[in-house]
Amino acid sequence: NPRPQKRLRTDPNFVDTAGSRCLLLPSLSSLADPAPPTSPGLKPLPPQVLLLALPALLLHPPTHEKYALSLFLSLKAVRLCLQLPALAPDVECYAWTALAEVGMRVIKSGFCKTGAHEWTIGLEEEVEKAIGKGHPALRHLRHHLSLLHAHFAFWRSNTRFARAVLRRLISTLVPSDPPTIVYAAHLALVTQLTSSPPTSSSSHGKGIDSSTSFQPHSKPLEIQAALTTLTNLSAIAAQNQHSSMLKLVAVLRLRILVAAEMWDMVGDALEDAELLLSLVHDSAASQCRSQSPPQTEPGDETWAEQPLPDGKDAKEDPLTAALTVHTLMLGIVYHIHGGRARSAEPRLAALHSLMDSGAPVGGVNADGLVEVPISPHPPIHLRVSHPRVIFLLTFLISSVAKRDPVGRRPKKKVFAESGIVHCREGCEEDEDSAVEINVPPWFSHGDMENIDQSTLRIEADLLCELAAVSIQRYNFDAAEKHLDTVVALTRTHNFFSEYAPRITLHHAHLAHAIGDTDRAGTCYRVAAYLDGAGPVGGSHTNTGGFVAASARAGEALLRIGLAAKQAAPNMTSNPSTVTGKESHAPYLDESTVALTKDAIARCSASTSAPLPALAELLSAALSPSQIIRSKSLLKHALALSSSAGDNHMRALVLAVVGAQYVHTAPEHAMEVLAVCETLGAGMGASEKKPAGAESEQETSKGASISGTGNAALRLWVGERFLELFKRAGKEKRVQKQEEFNALYRSAIDAVRMVTD
């Protein structure tokens, strides 16, 4: 066999060396004039293809430091592509569509408003032109451009035209169109019917346009149109047997009804959503568990058994987890609004269990984007509430759901304090301690601003909850601190006007509890005025909302108490019996009676606890001489407050009930007042401390006052006890009760001295 021939060296960079392998050495010629690539299969990309691919390659979320540069380069690439000669019709259509998409991201990020970016001048007109240019070219892009056109018109506050574009798109859909387009068009119309266009006022002067936000509407026609659209969408999804879309429609319907405060329809919608999500609430065990979906009824083939996609449960499927957490939150709000604490408890326990599993938050990579499977077609990418907002909202809903202020560490206070800590973690100026928020790459600065604004408003709500529970627990120093903080927070971020009625109402409650009656009356009237309440005695008692009704009720109770205190020395122990229907307390003037009737009308018209119980209490106060009717009203008020789990309201009703039996049934009065005194003592019980951990704070005025609980309520009950003990001739009990009453008076006087 002849010796094989040596392999020839074809690359000049490979040099043979004695006793070693070939080494890669650069030659001078290659450094001076690099040789063209020799790969036989690669060809240069056409310029239009490269330019159209750049926006996707340069895509960055708004949290990236090069976000503005990526938008600038993407917009520049699309503009250069459109300037190329002899573009193919399909390429030109894709280029116009890309220009509209990138331009909308730039506009929503607020770069057009600052004036500091010359490359954005005239961009709005350019986007509008791009949407019009791209329409006639390709059919499969016509739907996408129609959605862009509607979104752009809605952003410019041209809501009628935007909705007309979507309705026209829906009417032109044919059965051959993919379900993705059909569902997207219906969902876009529902969003625009239940939302308000973004306004520049929400950007707080930073040139940032916030994204569209869901807001309650005062136009029932738009709400009805949205519900009709959802009904049509549900029928299409049922026909296509897309169970995930059916669940989404059910939750959207529930969300719209709750936001529109159509409470009479919320119950059925909540039941339907929980049924589709396979949620069963066991009130006996106070737990929420998941069971298999219900079986189909005979002859109904649409409602077949619907297992979760890929055999996943609610904690593994992102869509089901997101829909479940929204349904649980809305269910809690609905039952707490109606004063049904026992119905809210299992849902709250289920919400905590789901949040502890981390499913709605989704870990470090969660960005608020889930997929709606519509097999065999590609899934729809659905944007839900961001995981950070869901996480913080859980603290707020938990704090609102826990209405009981009694105990050493009431859960309302615990949830509120923990929620505020987590809210402030993401707002720290120190970058090392700030919370990193993951968002989709197509987010804009406006979308990020929405998350920040939601966080700020949740913190403001939590501060209001802390102020309320501090007033109930007679911790007035903490209440003033929380109110000062929420005023500073809302003024700093320019949404004080949204919280002004509520903050003023808290100041009225604080002044009322302290005993500053003049300031309390003024704050009550200002709060009602800020909430849109009309004049007392007017024909329109439906103006204003919860704050107005609560403010009128508070002012009425204040004036009734002052009138009774002033008339007490001149009143006999056994008031005369008057059976007239319009008989009122003889010590009330006409203005107080008119104010009380206005408050009763407002509270009775509302279904939000504790307003119905307040209406019963005020009605009983107007007719103290009608004993049977008054007892019936107070019994109903006690049942409502107990059902709502509101021990603060329950203690107030028990105090009035006990006073009715002081002269007729002393033993029963003692039992009722004892329960009231126990509740008053619990509203301010201090936390347990380790032995030997006493400090100077225990001897301070705040600690000594808070240790007595609700001193004003306990003093009032103590005076009734003292009267009963004197009547029974129990000298030792009288002496001991006088010591207690002196302690309560000193606590009240100390509070008034501090506030003065």
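A quick note: this is a predicted structure, and the numbers were derived from the prediction, not measured.

1. So, the pattern of salt bridges
Any two side chains of opposite charge can pair, on the condition that their charged atoms come close.
Logical step 1: Taken as a whole, this structure holds 20 salt bridges when the rule is applied.
Logical step 2: Close ionic contact of Arg602 with Asp598 constitutes a salt bridge, the shortest N to O distance being 2.9 Å. On the criterion of helical spacing, the pair formed by Arg602 and Asp598 is a turn pair, its members being four residues apart in helix α22 (residues 590-605). One exposure class covers both Arg602 and Asp598, and it is buried.
Logical step 3: In this structure, the salt-bridge partner of Arg720 is Glu719, at a minimum N-O distance of 3.8 Å.
Logical step 4: Its relative accessible area of 28% is what places Glu719 among the partly exposed residues.

2. A closer look at helix α19 (residues 496-514)
Logical step 1: The end-to-end C-alpha separation of α19 is 25 Å, in line with the 27 Å expected for 19 residues at 1.5 Å each.
Logical step 2: At Arg502, α19 shows its largest kink, close to 30 degrees.
Logical step 3: Those residues of α19 not exposed but buried are Tyr499, Ala500, Pro501, Ile503, Thr504, Leu505, His506, His507, Ala508, Leu510, Ala511 and Ile514.
Logical step 4: Downstream of α19 by a residue or two, Gly515 has a phi angle that is positive, lying close to 110 degrees.

3. Looking at the confidence of the model for the protein chain
Logical step 1: Put simply, the protein chain has an average pLDDT of 82, and 77% of its residues get 70 or more.
Logical step 2: Confidence drops under a pLDDT of 50 for residues 200-212, and excluding neighbours within four residues, the segment shows 41 contacts in the predicted structure.
Logical step 3: For the stretch residues 693-706, pLDDT sits under 50, and the model shows 14 contacts to residues farther than four places along the chain or on other chains.

4. Considerations on the pairing of strand β7 (residues 369-374)
Logical step 1: Only one face of β7 is buried, namely the one carrying Val370, Val372 and Ile374, since none of Leu369, Glu371 and Pro373 on the opposite face is buried.
Logical step 2: As judged from the five bridges shared by β7 and strand β8 (residues 377-383), these two strands associate in the antiparallel manner. Within β8, the position partnered with Leu369 by the bridge is Arg383.
Logical step 3: Between the end of β7 and the start of β8, which pair antiparallel, lie two residues.

5. So, the packing of α19 against helix α20 (residues 517-530)
Logical step 1: At a closest axis distance of 8 Å, the pairing of α19 and α20 adopts a crossing angle of 160 degrees. As the angle between them shows, α19 and α20 are arranged roughly antiparallel. Our pair here, α19 against α20, has a crossing hand that is left-handed. Contacts from Ala500, Pro501, Thr504, Leu505, His507, Ala508, His509, Ala511 and His512 in α19 reach Arg519, Ala520, Cys523, Tyr524, Val526, Ala527 and Leu530 in α20.
Logical step 2: Residues of the contact of α19 with α20, tallied by class, amount to eleven nonpolar, four polar and one charged.

What counts, and at which threshold
Residues numbered from 1 in each chain as written. Predicted model: local features only at pLDDT ≥ 70, side-chain atom pairs only at ≥ 80, totals over all residues. Heavy atoms only, no water. Salt bridge = Lys/Arg side-chain N within 4 Å of Asp/Glu carboxyl O. Helix = DSSP H or I, 4+ residues; strand = E, 2+ residues; numbered from the N terminus. Buried < 20%, exposed > 50% of the residue type's maximum accessible area, 1.4 Å probe, protein only. Expected span 1.5 Å × (residues − 1). Bend = angle between axes of the 7 residues up to and from the residue. pLDDT = per-residue confidence, 0-100. Contact = heavy atoms within 4.5 Å. Pairing = 2+ DSSP bridges. Axes fitted to C-alpha atoms, helices over the stretch in contact; angles between N-to-C directions. Parallel < 35°, antiparallel > 145°, perpendicular 65-115°, else oblique. Left-handed = near helix turned anticlockwise from the far one by under 90°. Nonpolar A, V, L, I, M, F, W, Y, C, P; charged D, E, K, R; others polar.

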